[in-house]
Every structure is written in structure tokens, then in C-alpha cells.
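# Per-entry structural report
What follows is each chain in one-letter form.
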Amino acid sequence: MPGHMPTQDPIAVAHTPLEDAQGLGMGVLLCGLGITLLSHLGFMTGQTAGIALILSYVTGFSFGWVFFAINIPFYWLAQKRLGWEFTLKSLACVTGLSLVTEWMPQGLTIESLNPLLGVVLFGSVTGLGLLAVFRHKGSLGGIGVVALIVQDRTGFRAGYVQLAVDVCIFSVALALYDLRVVLYSLLGAVVLNGVIAFNHRRDRYIAP
């Protein structure tokens, strides 16, 4: 019986610009699909988008303006803590997602979607999309930036940080939305953040 073969330490190989473009683009596309499914069901989401929806409902300002204003300090924080590469990639992803979510409903017609299946699909595909974005040094702005900073500095999983924020957001949403909408939306957030929490680990992914 052959003896144990020594293993060599893996060598980190940087992503090429083409690989980054492919990974970020695929991540944005998956996130766009997830949001399209959620929008079809009329449910809400968490993170910065969820905060913007609540503030828009309370203040009467449009979602787009509120979402833009909320993201400004997060991008400043991203540039200070994570550098220009991360910040510019995040800006590109946010812009791409805005375009995808406008275009996708025109090419995707959903006649029937079970709410339970819909939120599970939303959480799954959006979680996979965010993983792709994170692994190519990008984000979709907002709370995701803070979650990545906390994970890098403390080791506390980014998914758990985002889930804690979502719990706060949905607690506030209970006073503004129908209970059914909030519960289904919360389930989608749990699935999404579970995908990130179980799969986004630097010790398992070394490519810079």
C-alpha cells in the first residue's frame, strides 16, 4: 500500500481582467434573476435595498433616489478600507444590476410561481451571484461592504452580518407590510445569507 503523498501548498493565482469581467458579470446576472423573481411575487428584500424601500415608503421619496443616497457613505467606506479596485468594481456591479433588472422582465415572462419556491429560488440564485461578485473583489454596495470589512477584520462570517441586519429590517417592516409578505421575504433572506455564510470563506478560496 503506497505511503501518504505529501501535498504542496496551493499557489494563489490572480484573476485576469477577463476572468474578473466574466465572474462579476455572471454574478450580476444571477442577482438580477433573483430580484426579478422576487419582484414578480411582490415581496421585499433586505440589505440596503430593504432599508431604501422602507425609507421610501415612510418619506414618499422615490426608491431610486433613496437607494443612491444610502450607498454614498458605503462607497466612501469601501474606498478607505478596501481600496479603489473594490470600490470601482462595486460601482460597476451596482450599475450593471440596475440595467439587468430593467431589461430582464422584458425578456422573461413568468405566468405562475409558487411563493415558497420563488423565495427559495431567489435566495439561492442571488446568493450564488453574490458569491461570484465577492470572489472577484466586488460587491453590490451598502451593507455588503460593511459585512466584508467585518469578516476580514474579525472572522465573523459576512452572511451572518447581513442576516443580523436583515432581521432588524424585517422587524421594522412588520409595521408597514402585510405579515405574509414579511414572512416570505424573510425566508428568502435567510436562504440567501445562508448560501453566503456557508460558502464564502477565504480559507477555502485563495485566488486574489
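This text follows the structure it describes.
Residues numbered from 1 in each chain as written. Predicted model: local features only at pLDDT ≥ 70, side-chain atom pairs only at ≥ 80, totals over all residues. Heavy atoms only, no water.

### Considerations on the overall build of the chain
The secondary structure content of the chain amounts to 7 helices and 0 strands. The helix and strand sequence of the chain, counted from the amino end, reads α-α-α-α-α-α-α. Here the chain has roughly 11800 Å² of accessible surface; of this, 68% comes from carbon and sulfur atoms. (Helix = DSSP H or I, 4+ residues; strand = E, 2+ residues; numbered from the N terminus. Areas by Shrake-Rupley, 256 points an atom, 1.4 Å probe, with all protein chains shown as cover.)

### Some remarks on the nonpolar core
Most often, soluble globular proteins have nonpolar side chains that are buried together. Counting residues in hydrophobic clusters, the biggest one holds 29 residues, and the most contacted among them are F43, C93, L130 and L140. Elements supplying a minimum of two residues to this core: α1 (17-41), α3 (63-107), α4 (115-135), α5 (143-154), α6 (158-173) and α7 (179-199). With near-sequence residues (within four places) excluded, L130 lies in contact with C31, L140, L192 and I196. Among the nonpolar cores identified, the runner-up in size contains 7 residues, and I54, I169, A173 and A189 belong to it. (Core = buried A, V, L, I, M, F, W, Y, C linked by side-chain atoms within 4.5 Å. Buried < 20%, exposed > 50% of the residue type's maximum accessible area, 1.4 Å probe, protein only. Contact = heavy atoms within 4.5 Å.)

### Re α5
Given 3.6 residues per turn, any residue in an α-helix points the same way as the ones three and four places further on. Over its 12 residues, α5 runs 16 Å from end to end, which matches the ideal 16 Å to within 8%, given 1.5 Å per residue. Within the span of α5, buried status applies to I143, G144, V145, A147, L148, I149 and Q151. Remark: G155 follows α5 within two positions and exhibits a positive phi of approximately 85°. (Expected span 1.5 Å × (residues − 1).)

### Considerations on the packing of aromatic side chains
Scanning the entire structure with this criterion turns up 2 aromatic pairs. Between F43 and Y184 the ring centres are 5.2 Å apart and the planes differ by 10°, which places this aromatic pair in the stacked class. Within this pair, whereas F43 is found in the loop between α1 and α2 (47-59), its partner Y184 is found in helix α7, the two being separated by 141 residues in sequence. Residue classification places F43 among the buried positions, given a relative accessible area of 10%. Residue class for Y184 comes out partly exposed when judged on its relative accessible area of 24%. (Phe/Tyr/Trp six-rings, centres within 6.5 Å; stacked < 30°, edge-to-face > 60°.)

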